[in-house]
Amino acid sequence: MNVFLVLLLIAAMIATVVALVRGVITFLKASSDEVRGEGPSASSLRSNKLMQARILFQAIAILIVVVILFAAGRT
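Reading guide: rules and limits
Residues numbered from 1 in each chain as written. Predicted model: local features only at pLDDT ≥ 70, side-chain atom pairs only at ≥ 80, totals over all residues. Heavy atoms only, no water. Core = buried A, V, L, I, M, F, W, Y, C linked by side-chain atoms within 4.5 Å. Buried < 20%, exposed > 50% of the residue type's maximum accessible area, 1.4 Å probe, protein only. Helix = DSSP H or I, 4+ residues; strand = E, 2+ residues; numbered from the N terminus. Contact = heavy atoms within 4.5 Å. Patch = residues over 30% accessible without salt bridge, like charges linked within 9 Å, V, L, I, M, F, W, Y side chains within 5 Å. Areas by Shrake-Rupley, 256 points an atom, 1.4 Å probe, with all protein chains shown as cover. Salt bridge = Lys/Arg side-chain N within 4 Å of Asp/Glu carboxyl O.

Participant: Looking at this structure, I do not really get the nonpolar core. What am I missing?
Facilitator: For soluble globular proteins, the rule of thumb is that nonpolar side chains tend to be buried together. With six residues, the main nonpolar core is built from Leu5, Leu9, Ala12, Ala61, Ile64 and Ile68. Of all elements in the fold, only α1 (2-35) and α2 (42-74) reach the threshold of two or more residues within this core. Sequence-distant contacts of Ala12, that is, excluding residues within four places in its chain, are made with Phe57, Ile60, Ala61 and Ile64.

So, in structure tokens, the structure goes:
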């Protein structure tokens, strides 16, 4: 059970990093579009969605850590 939770935690952490990197890259692209005065672009909206996904993945990782700590405390 612990091995499964640790693997799940690693997957959630990798998903968090991937969403963070993609969000930052998209944010930099959106920033250059906004400098030109075109308003909120599709890149800006995508960056926002990626950062929301990052927060979701972080919350999942924290919940998995809590479950692991509870499981370790029982034994």
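There is more to say after this.
Participant: I would appreciate a short explanation of a nonpolar patch on the surface in the present structure.
Facilitator: A cluster of nonpolar side chains, namely Val3, Val6, Leu7, Ile10, Ile14 and Val18, defines an oily patch on the protein surface of about 540 Å² accessible area. Here Ile10 shows up in helix α1. Exposure remark for Ile10: the relative accessible area of 40% places this residue in the partly exposed category.

Participant: What should I look at first to understand the environment of Arg54 in this one?
Facilitator: Summarising the element assignment, Arg54 is placed in helix α2. Measuring from C-alpha to C-alpha, the distance between Arg54 and Val21 comes to 9.6 Å, with 33 residues separating the pair along the chain. Setting aside anything within four residues of it in sequence, one finds Arg54 in contact with Thr16, Ala19 and Leu20.

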